[in-house]
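Structural overview
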Amino acid sequence: MTRLEVHKFGGTSVGDARRISGCAAILAEVAPRARVVAVASAMAGVTDRLVASATAAAHGERDAALAIVAEILELHEVALRALAAEAPDATLAFFRATCAEIAELARAASLLRDLSLRTRDQIIAAGEKMSVRLLVLALRACGVPAQAMDADLFLETDQRFGEANALPEIARHTIAGALLPVLERGEIPVVTGFCGRAPDGATTTLGRGGSDLTATLVAAALHADEVTIWTDVDGVFSADPRIVPEASVIRQLNFREAAEMSYYGAKVLHQRTMIPVAALGIPVRTRNSFAPDRAGTVVDGTFTPGSHPVKAVTAVREHCLVSIEGKGMAGVPGVAARVFGALASRKISVTMISQSSSECSICLAVPAEQATETETALKLELRGDLSLGSVDEIAVRRGVGLVAVVGLGMAHTPGVAARVFSALGARGINVLAIAQGSSELNISLAVTDARTPDAIRALHAEFGLDRLDTGEDTTRRLDLLLLGCGKIGRALAGLVLQRSGHFFERFGLSPRIVAVADRSGYLFRPNGITPAELDAIWRKKESGIPLASSDGATASSDPVEMVADAMRYRLARPVLVDVSDSDGTHDAYLEAFRLGCDVVTANKKPLAGSLATFRALRAAAEAAGRLLRAEATVGAGLPVVDTLEMLLGTGDRLIRAEGCLSGTLGFVMARLEEGMPFSRAVAEAMELGYTEPDPIADLSGADVARKAVILGRISGLALASQSVNAESLVDPSLAGLRKDEFLKQLASYDAPMRLRVDAARNDAHVLRYMARIAADHIEVGLVSVALDSPAGRLHGTDNLIVFTSERYDVRPLVVMGPGAGVEVTAMGVVGDILRIAAERR
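Attention in this report is confined to the structure presented alongside it. Quantities reported herein were computed from a predicted structural model and do not represent experimental measurements.

1. Quick look at the overall build of the protein chain
When you go through the protein chain residue by residue, the secondary structure sums to 30 helices and 29 strands. A globule of 841 residues ought to have a C-alpha radius of gyration of about 28 Å, yet the protein chain, at 37 Å, is considerably larger. Taking the principal axes of the C-alpha coordinates as reference, the protein chain spans close to 120 × 75 × 45 Å. A burial count over the protein chain gives 55% of its 841 residues as buried. Summarising the internal contacts of the protein chain: among those between residues at least 6 apart in sequence, 74% fall at separations of at least 24. With the model as given, the accessible surface of the protein chain reaches about 34800 Å², and the carbon-plus-sulfur share is 52%.

2. Observations regarding the packing of helix 25 (residues 678–687) against helix 28 (residues 739–746)
The interhelical angle for the contact between helix 25 and helix 28, taken along N-to-C directions, is 150 degrees, at an axis separation of 8 Å. As judged from the angle between their axes, helix 25 and helix 28 are roughly antiparallel. Our pair here, helix 25 against helix 28, has a crossing hand that is right-handed. Judged by residue contacts, Phe678, Ser679, Val682, Ala683, Met686 and Glu687 of helix 25 engage Lys739, Phe742, Leu743 and Leu746 from helix 28. Residue classes in the contact of helix 25 with helix 28 are distributed as seven nonpolar, one polar and two charged.

3. Concerning helix 10 (residues 271–278)
Among all positions of helix 10, only Arg272, Thr273, Met274, Pro276 and Val277 are buried. The secondary structure elements touched by the buried residues of helix 10 are helix 8 (210–222), strand 7 (226–231), helix 9 (255–263), strand 9 (284–288) and strand 10 (297–300).

4. What to know about the packing of helix 1 (residues 17–30) against helix 6 (residues 126–141)
One can describe the packing of helix 1 onto helix 6 by two numbers: an axis separation of 8 Å at closest approach and a directional angle of 55 degrees. On the basis of the axis angle, helix 1 is oblique to helix 6. Viewed along their axes, helix 1 and helix 6 form a crossing whose handedness is right-handed. Touching Ile20, Ser21, Cys23, Ala24 and Leu27 of helix 1 are Leu134, Leu135, Ala138 and Leu139, all from helix 6.

5. So, the packing of aromatic side chains
Throughout the structure, instances matching the rule amount to four aromatic pairs. Their ring planes at 10 degrees and their centres at 6.2 Å tell us that phenylalanine 9 and tryptophan 230 sit as a pair that is stacked. Of the two residues, phenylalanine 9 sits in strand 1 (residues 4–9) while tryptophan 230 sits in strand 7, which places them 221 residues apart along the sequence. In this pair, the class of phenylalanine 9 matches that of tryptophan 230, namely buried. With a centroid separation of 5.4 Å and an interplanar angle of 55 degrees, the aromatic rings of phenylalanine 524 and tyrosine 569 are classed as tilted. Taken as a pair, phenylalanine 524 in strand 19 (residues 521–524) and tyrosine 569 in the loop between helix 19 (559–566) and strand 21 (575–578) lie far apart in primary sequence, 45 residues in all.

6. Side note on the pairing of strand 18 (residues 510–517)
Burial within strand 18 is extensive, with seven of its eight residues counted as buried. Inspection of the sheet shows strand 17 (residues 477–483) paired to strand 18 by seven bridges, in the parallel sense. Within strand 18, the residue paired with leucine 481 across the bridge is alanine 515. Bridge count between strand 18 and strand 19: three bridges; the pairing is antiparallel.

7. With respect to the nonpolar core
Ranked by internal contacts, the top residues of the largest apolar core, which has 80 residues, are Met562, Leu576, Phe678, Leu729 and Phe803. In this structure, phenylalanine 803 is in contact with Val640, Thr643, Leu644, Leu647, Leu654, Arg656, Ala657, Tyr808, Pro812, Leu813 and Val815, ignoring residues within four places of it in sequence. In terms of nonpolar packing, the next biggest core, distinct from the first, is built from 57 residues, Leu183, Ile229, Val406 and Ala446 among them.

8. A look at the sheet that holds strand 24 (residues 654–660)
Spatial ordering of the open sheet is given by 25-27-26-24-28-29, a layout of six strands whose pairing is mixed. Of all strands in the sheet, those bounded by a partner on one side alone are strand 25 (724–726) and strand 29 (813–818). Neighbour to neighbour, the strand axes of the sheet diverge by 25 degrees on average, direction disregarded. As defined by bridge partners, strand 26 (residues 765–773) adjoins strand 27 (residues 778–786) across nine bridges and the pair is classed as antiparallel. Bridge pairing in strand 27 places histidine 765 opposite alanine 786. In this fold helix 27 (residues 702–715) packs onto strand 24, strand 25, strand 26, strand 27 and strand 28 (798–805), with an angle of close to 40 degrees to the strand it touches most, strand 26.

9. Considering the environment of arginine 653
If you trace the backbone, arginine 653 turns up in the loop between helix 23 (640–649) and strand 24. Each C-alpha atom, one on arginine 653 and one on tyrosine 808, is 9.4 Å from the other, the two residues being 155 residues apart in sequence. Those residues in contact with arginine 653 that lie beyond four places of it in its chain are Ser805 and Glu806.

10. Observations regarding helix 9
Along helix 9, the residues that are buried comprise Phe255, Glu257, Ala258, Ala259, Met261 and Ser262. The elements touched by buried residues of helix 9 are strand 8 (252–254), helix 10, strand 9, strand 10, strand 11 (312–325) and strand 14 (393–406). A side-chain oxygen of the first residue of helix 9 lies 2.8 Å from the backbone nitrogen of arginine 256; this N-cap is asparagine 254.

11. Description of the side chain of threonine 601
Locating threonine 601 in the fold gives a position in strand 22 (residues 598–601). A polar side-chain atom of threonine 601 sits 2.7 Å from a polar atom in the side chain of tyrosine 589. Here the side chain of threonine 601 touches asparagine 603 through a polar contact of 2.9 Å, landing on its backbone nitrogen. Once residues within four sequence positions are removed from consideration, threonine 601 is found in contact with Asp578, Tyr589, Leu607, Leu628, Arg629, Ala630, Ala632 and Thr633.

12. Examining the pattern of salt bridges
Opposite charge on two side chains lets them pair, provided their charged atoms get close. The full count for this structure, using the stated rule, is 56 salt bridges. The salt bridge partner of lysine 605 is aspartate 583, with a shortest N-O separation of 3.5 Å. Taken together, the residues span a long stretch of sequence, with lysine 605 in helix 21 (residues 605–608) and aspartate 583 in the loop between strand 21 and helix 20 (586–594) at a distance of 22 residues. Note that glutamate 692 and lysine 604 form a salt bridge whose closest N and O atoms lie 3.6 Å from each other. Here glutamate 692 is found in the loop between helix 25 and helix 26 (696–699), whereas its partner lysine 604 is found in the loop between strand 22 and helix 21, with 88 residues between them in sequence. Using a relative accessible area of 23% as the deciding quantity, one classes glutamate 692 as partly exposed. When its relative accessible area of 9% is taken as the criterion, lysine 604 is described as buried. Residues joined in a network through salt bridges with shared partners are Arg3, Glu5, Arg33, Glu226 and Arg285.

13. Considering the side chain of arginine 713
For arginine 713, the location among the structural elements is in helix 27. Summary of buried charges: arginine 713 has no salt-bridge partner, and the nearest side chain of opposite charge, aspartate 583, is 12 Å away.

14. Focus on the sheet that holds strand 15 (residues 433–436)
The sheet built from six strands is open, its strands ordered 12-13-11-14-16-15 with antiparallel pairing. Across the chains shown, the open sheet's two edge strands, defined by having one partner strand only, are strand 12 (352–355) and strand 15. Each adjacent strand pair in this sheet contributes to an overall mean axis angle of 30 degrees, direction not counted. Where helix 11 (residues 335–344) meets the sheet, it contacts strand 11, strand 12 and strand 13 (361–367), and its direction lies at approximately 15 degrees from that of strand 13.

15. Focus on unusual backbone geometry
Unusually for a residue other than glycine, lysine 347 sits at a positive phi of about 55 degrees. Here lysine 347 is to be found in the loop between helix 11 and strand 12. Judged by its relative accessible area of 73%, lysine 347 is exposed. Even without being a glycine, alanine 764 presents a positive backbone phi close to 60 degrees. On the basis of relative accessibility, which here comes to 43%, the residue alanine 764 falls in the partly exposed class.

16. Focus: the state of the cysteines
Here the structure, examined in full by the defined rule, presents zero disulfides. You can see cysteine 597 has no disulfide; the closest cysteine sulfur is in cysteine 485, sitting 17 Å from it.

Each value, and the rule that gives it
- Residues numbered from 1 in each chain as written.
- Predicted model: local features only at pLDDT ≥ 70, side-chain atom pairs only at ≥ 80, totals over all residues.
- Heavy atoms only, no water.
- Helix = DSSP H or I, 4+ residues; strand = E, 2+ residues; numbered from the N terminus.
- Rg over C-alpha atoms; globule rule 2.2 N^0.38 Å.
- Buried < 20%, exposed > 50% of the residue type's maximum accessible area, 1.4 Å probe, protein only.
- Contact = heavy atoms within 4.5 Å.
- Areas by Shrake-Rupley, 256 points an atom, 1.4 Å probe, with all protein chains shown as cover.
- Axes fitted to C-alpha atoms, helices over the stretch in contact; angles between N-to-C directions.
- Parallel < 35°, antiparallel > 145°, perpendicular 65-115°, else oblique.
- Left-handed = near helix turned anticlockwise from the far one by under 90°.
- Nonpolar A, V, L, I, M, F, W, Y, C, P; charged D, E, K, R; others polar.
- Phe/Tyr/Trp six-rings, centres within 6.5 Å; stacked < 30°, edge-to-face > 60°.
- Pairing = 2+ DSSP bridges.
- Core = buried A, V, L, I, M, F, W, Y, C linked by side-chain atoms within 4.5 Å.
- Polar contact = N/O pair within 3.5 Å; in protein donor to acceptor, adjacent residues only side chain to side chain.
- Salt bridge = Lys/Arg side-chain N within 4 Å of Asp/Glu carboxyl O.
- Lys, Arg positive; Asp, Glu negative; His and termini not counted.
- Disulfide = S-S within 2.5 Å.

Rendered as structure tokens:
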């Protein structure tokens, strides 16, 4: 067995006898496949109690100090009895001797009313010495041989009591010398974390993250294959879950990313903890000992770009900004050196720095408790410059938080900083200062302390860090969720996938379809549905086979489920595209907006339904900062809605709109003018794919009415729930008939329709099915128009819309062009997708 693993257990993981037994079970599971070294912290709260005892003793509070020591002894004796029915005499004697020694030190300190750092370290290191012996007992109860190892006998450090540093070269040899013989005997060394040995043999402690550092020092000395840090959380989170409840566990971090996160307050390995293993490339995992089945986070030397350049958003609170301002500073060497030298001499740590390019301003952030000392130190150092006027002022702004956006993937990825500031600007959060290193690993910015949580939430949402990683770089992707597998959906897929370079190259984006749905269910692939899979879907649909029968598909009649499922992932610029004719897709739109997805629709029903639904959709899109594009609902590929929105956006006001909004009925009318019977004209339109799936929607005027309602609502002319006066060309009861029966029944309309065509011709007119939209009414029906009028000159499937507005009153604005057909409609949808791509690039 050559594999070697180091497992470190934090205070909550060894918090009581039950938890200690759980840790032993974890180690017992690992032991058959690897050699194991365990490192343990003191039981939860014990180190804090030891510090409290030492502090009380230093203040002369002898009884209080001794009472705490007695509580600690009782805590360990209770755990000992729980782990072993008959407490081993040697372990019990060790606990009592250790606590007796602490009590003697406390008595001496209380008598002197003084406590040296050296003595303090000896006291607070006792917690680990007792906990490792409890873990050894639990391991032996599992049948695993183990031996307690006190690190203050072999982990060599300097003499900085309280914050000791390991002496790497010496410690490497002494650690290996102490632990390898135990491993060779087939035992698990259970090592005290947090403490070490000074050159004179005294006990030292390693400061913040000391037990983690012990684990990585051991791993480096033994050339371990992996280190696992067991805590009470599932791993490293994308943000503080207390601020962002939807924060997710990051599966992988680079050592540098983890260091940046640690510096800015994230609950992750301390920077110096990673130094021993980073150089050797030894991975470090953080896992939850309360849920050992969860994967946790691995920190190693690899770079995993994933589906986004940003890995996490973290922050530190309660800081202040100190600004040194002065025109006389420009071009004067050494000012920054003097500033940092003055702070270093007082052990003041600078958390962030930025300097203007003119060198007239240096801005730095320090912890709030050091604000006064910082100001005093700088005014003392720069007093001569202040008196001469080369430095104008030293200003301190309190109540500041520092937010960091971290990720190696940000390097050379354009637009990250722009998105940071846009997200904060959208929430009304002002940035006080910003700093970014040349490595582009971290964008750090200062905001008011009160807005720090808002800033974290805004940035976390902007970069989708609550979503599942798709595992690939999607920074230049455009992900489409397709509702509808009919002819338009198939044509759209062909346009997007086969000619995507032509359409999207100007934006540097590559579109792909990640989800597709019909009434039976949906297929979702976070990394894109392959062309082969799409072709299989189209072939099955042509044969009447539902999409839900496809491999990997989910059976569901609710498109909301598809949207929710897809948006669990960190998709790139997601767009829900509705090319169905379903009545109930508006809830899917609302879900899309809520989850950060734009919407393009060719389906008229959601927007032409109830006025309340229309308003809810517009309000939801605006509230979520998403886009709702619906060009194909009115003019297919004709820019009707785009033209109207351009007019309104430039301050114009629509007075009325009228025109031919059905390419299908335009085609039928043209065939009637050529002498073709009405039933045959409709049959030909059906064969060419011009009609709606149910041709009654065209012939009854319902399709044109919906288009008119949508135009009226977008223009603001139809903001009341007034009814639409629509003329039907056939009896609506023909809906639902088989095609052959439908066409047979339609023949009864041939003669009456021929009479109307002939009557119009006698007056040098032609028939057109037109919509009229005004402030007080909407009318849809068959109208006789002059041959030389704009409507009369239409051919085939051409559509026409005439806008009369305050600006275009004497000479109305006319939009005319092809208005029916699968390809034309699909192109209209692509146009809307392109408009969204332009907004989101």
